[in-house]
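For reference, the chains in residue letters:
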Amino acid sequence: MPADDWTIAQNWAGYSAQDHATWDHLFNRQARLLPGRVAPEFLDGLDFLRLAKPGIPDFAALSERLMQRTGWQVVAVPGLVPDAVFFDHLANRRFVAGNFIRRPDQLDYLQEPDVFHDVFGHVPLLANPVFADYMQAYGRGGQRAGGLGVMDRLARLYWYTVEFGLIKGADGLKLYGAGIVSSRSESLFALDDPSPNRIGFDLRRVMRTCYRIDDFQQTYFVIDSFETLLDATLNTDFGPIYDELALTDDLATDAVLPDDTVYTLGTQAWARAKQVS
Ligand code: PHE
Ligand code: FE
């Protein structure tokens, strides 16, 4: 693989005992918390990929398992990569993962995605054929959209699905977004807290909605199933939607519209308590 795709060697042998212990701590904490709260497809992925094996996963072995199921691979990068590089990897069924792990004093929060967020958060659902296709379609969509000046719209779709999505389950809402499932506090907040809105997924609605990168979300969007998410995106030409949205105002992070399917009308108490007056 050429290095201009930003990939590096994972250098698995370079992890310290502390690095592996950090992974194990985070893994065990989430593995205890998530059953019953997360989409069953996520737990199935953890199981199929044998992620419960102690220590930071070796991307080569992980990719081999993943490849058998859905044809995806996990490749290492030093951190965030440019949009075009990211889209190119996704379009070719390669998920880019940071190879470093957070320090022991960053267990609950860090700014850049590390190997725990990227692998524990994102990779289990890549073992699901439908979600795997969604991620590839997203990459292709990004390639098409490059240069159209619509990256913020496309980024919102990723944010509110891949990172912070909720899904309807047989017995209530479940988590599936990687940013939620890799965070202990947000795994609780996103599902149980009365503060955020929980609103039915609608493509245009999501692409208009601003998001927060500094705190828990004020709104989570709920998909009916991975099939409906794939269908609503893959079989829709985004060209006319980009044109339409160029003429439409953005929506605030806590907006609720008359047409929304509201699962929870949030109190927004969490966000208000943090406002500096
Ligand atoms: N169908 C979208 C387009 O026309 C691409 C896309 C598919 C985007 C799936 C996101 C998810 O560009
Ligand atoms: Fe992520």
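Residues numbered from 1 in each chain as written. Chains lettered and ligands numbered in written order. Predicted model: local features only at pLDDT ≥ 70, side-chain atom pairs only at ≥ 80, totals over all residues. Heavy atoms only, no water.

## Some words on the site of ligand 1
(1) Moving on: Contacts to ligand 1 come from Tyr134, Ala137, Tyr138, Gly141, Arg144, Leu157, Thr233, Leu234, Thr236, Asp237 and Phe238.
(2) Moving on: Within the backbone of threonine 233, a nitrogen or oxygen atom sits 2.8 Å from a nitrogen atom of ligand 1.
(3) Moving on: Backbone polar atom of phenylalanine 238 to an oxygen atom of ligand 1: 2.9 Å apart, as the coordinates give it.
(4) Moving on: Elements represented by at least two residues in the shell around ligand 1 include exactly helix H6 (129-145) and helix H11 (226-234).
(5) Moving on: Broken down by element, the residue count for the shell around ligand 1 peaks at five residues, all from H6.
(6) Moving on: Here the shell around ligand 1 is built from residues that sort into six nonpolar, three polar and two charged. (Near = heavy atom within 4 Å. Polar contact = N/O pair within 3.5 Å; in protein donor to acceptor, adjacent residues only side chain to side chain. Helix = DSSP H or I, 4+ residues; strand = E, 2+ residues; numbered from the N terminus. Nonpolar A, V, L, I, M, F, W, Y, C, P; charged D, E, K, R; others polar.)

## A closer look at helix H1 (residues 17-33)
Structural remark: α-helix, 3.6 residues per turn; residues separated by three or four positions point the same way.
(1) Moving on: Spanning 17 residues, H1 covers 24 Å between terminal C-alpha atoms, matching the ideal 24 Å at 1.5 Å per step.
(2) Moving on: Taken together, the buried positions of H1 are occupied by Asp19, His20, Thr22, Trp23, Leu26, Phe27, Arg29, Gln30 and Leu33.
(3) Moving on: Against the buried residues of H1 lie helix H2 (40-48), helix H5 (115-126), helix H8 (178-181) and helix H9 (184-192). (Expected span 1.5 Å × (residues − 1). Buried < 20%, exposed > 50% of the residue type's maximum accessible area, 1.4 Å probe, protein only. Contact = heavy atoms within 4.5 Å.)

## Focus: unusual backbone geometry
(1) Moving on: Even without glycine at this site, arginine 93 takes up a positive phi of about 55 degrees.
(2) Moving on: In this structure arginine 93 comes out as buried when scored by relative accessible area, which is 16%.
(3) Moving on: Although it is not a glycine, glutamine 268 adopts a positive phi angle of roughly 60 degrees.
(4) Moving on: If you trace the backbone, glutamine 268 turns up in the loop between strand E7 (262-264) and helix H13 (269-274).
(5) Moving on: Residue glutamine 268 is classed as buried on the basis of its relative accessible area, which comes to 5%.

## Describing the packing of aromatic side chains
(1) Moving on: Going through the model one piece at a time under the given rule, you end up with 22 aromatic pairs.
(2) Moving on: Ring geometry for tryptophan 159 and phenylalanine 164: centres 4.9 Å apart, planes at 40 degrees, overall tilted.
(3) Moving on: Given the relative accessible area of 9%, phenylalanine 164 is considered buried.
(4) Moving on: Consider the rings of phenylalanine 238 and tyrosine 242, whose centres lie 5.9 Å apart with planes at 75 degrees: the pair is edge-to-face. One end of the pair, phenylalanine 238, and the other, tyrosine 242, are both in helix H12 (residues 238-246), four residues apart, so they sit about a helical turn from each other.
(5) Moving on: Aromatic rings pair up to connect Trp23, Phe27, Phe42, Phe116 and Phe120 into one cluster.
(6) Moving on: One Lys or Arg, arginine 65, reaches over the ring of phenylalanine 48 and ends 4.3 Å from the middle of that ring. (Phe/Tyr/Trp six-rings, centres within 6.5 Å; stacked < 30°, edge-to-face > 60°. Lys NZ or Arg CZ within 6 Å of the ring centre and 35° of its normal.)

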